[in-house]
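What follows is each chain in one-letter form.
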Amino acid sequence: MNPRKVLTVFGTRPEAIKLFPLIHALGDDPRFDSRVCVSGQHRGMLDQVLEIAAIVPDHDLDLMQPDQTLDALTANLLTGIGRVLDAEAPDWVVVQGDTATAMAGALAAYYRKIPVAHVEAGLRSGNIHHPWPEEVNRKIVGAFAALHFAPTATAAEALRRENVAPGTIHVTGNTVIDALHWITARIKREPGLAGGLAELEARFAGKRIIGVTSHRRENFGCGMEAIAEAVTRLAARPDVAVIFPVHLNPNVRRVMNADLGGLDNVALIDPLDYPHFARLLGISTLMLTDSGGVQEEAPALGKPVLVMRETTERPEGVAAGTARLVGTDADRIVAEAERLLDEPAAYEAMARAHNPFGDGKATGRIVELLAT
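Just so you know, these numbers come straight off a predicted model, no measurement behind them.

Conventions and cut-offs
Residues numbered from 1 in each chain as written. Predicted model: local features only at pLDDT ≥ 70, side-chain atom pairs only at ≥ 80, totals over all residues. Heavy atoms only, no water. Pairing = 2+ DSSP bridges. Helix = DSSP H or I, 4+ residues; strand = E, 2+ residues; numbered from the N terminus. Right-handed = clockwise from strand over helix to strand, strands pointing away. Polar contact = N/O pair within 3.5 Å; in protein donor to acceptor, adjacent residues only side chain to side chain. Buried < 20%, exposed > 50% of the residue type's maximum accessible area, 1.4 Å probe, protein only. Arc of directions from axis to C-beta.

1. Points about the pairing of strand β2 (residues 32-38)
In this structure, strand β1 (residues 4-10) lies alongside β2, joined through seven bridges in parallel fashion. Residue pairing across strands places Leu7 opposite Arg35, the latter belonging to β2. In this fold, the crossover linking β1 to β2 by way of helix α1 (residues 13-28) has right-handed handedness. Sheet topology places β2 next to strand β3 (residues 59-60); two bridges connect them, and they run parallel. Bridged to Cys37 within β3 is His59.

2. Some thoughts on the side chain of Gln96
Relative to the elements of secondary structure, Gln96 occurs in strand β4 (residues 92-96). Within polar-contact distance, the side chain of Gln96 engages the side chain of Glu120 at 3.1 Å.

3. So, helix α10 (residues 250-260)
Listed in full, the buried residues belonging to α10 are Val252, Val255, Met256 and Leu260. Viewed along the axis of α10, the buried residues span an arc of 90 degrees, placing them on a single side of the element. Along α10, exposed side chains directed more than 90 degrees from the buried face belong to Arg254 and Ala258. Between the side-chain oxygen at the start of α10 and the backbone nitrogen of Asn251 there is a gap of 2.8 Å, and the oxygen is on Asn249.

This is how it looks when you write it as structure tokens:
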């Protein structure tokens, strides 16, 4: 019996992090012929993960262009991935999450009647503009995927409410926890992989570190300004230091460099590779973020998350108490952060809450479902 050919398609750093455990597992399993296509939607940040995970793509579309419009990117993705599908003729296409690459890769497969397996299916915020355009991207994939790998029971229920066939929905947990376990174990064996933060750790010794990430399109403009104001106020505390890996998008860098660049207790650094980001999670007291993945990763290490967005497609974290929605109002961000810094009971309640996003065994469940 010939092995089942599976083409995994992705283009950004978060996708790469959440898919590399699955790519490793498929490559090691004789039941599969595993192939990898990357779009290069995020170039440098994607390549960092490919290198640390030792993944060499079979196809690299290298589509990243400065200030590329979403419609131009989508058109290039559809035609580029389409050519790869015609050359490979896979039995399955695997996509992850809600990026333009995931949506276009799934759509190109659908146009060729190739079944699609959607990793991290069923996330919904209920607002098509928050996050934008991700909410619509994932709804498009959810409309026709043949297998939906939901990270939680809540995500599975969201799919059932959209009349997705129940037999195609499987609660697997989130592969981001598998990835985090893999990288933390590797850092333990090879501490030098994440040694680049040592200088900042020494500089901020004795202070409580707040890790910050921000990159959402819907926060560009006033939202970014408010986040910068909140960070400025928190960094004025003598017991606090902020480490902020600043996204490469000029809409983020322009604001953060202007508003935070001269502050002694704030380290604005370039985006971190995966081992160093895992280290940042480990040394931080809490995380301020508008990222989706951090809402899943930080609780796995017992770190409270304040989500600087108006909505989240990961309500499980809020319900479990590992995350709190604070929006982009500077006063509220500061108030919630200071509550965690100043009230040990409030901090412990979040730090010890059960992480609802999985047990680190999602990859194995997905592999078995793809094999049936």
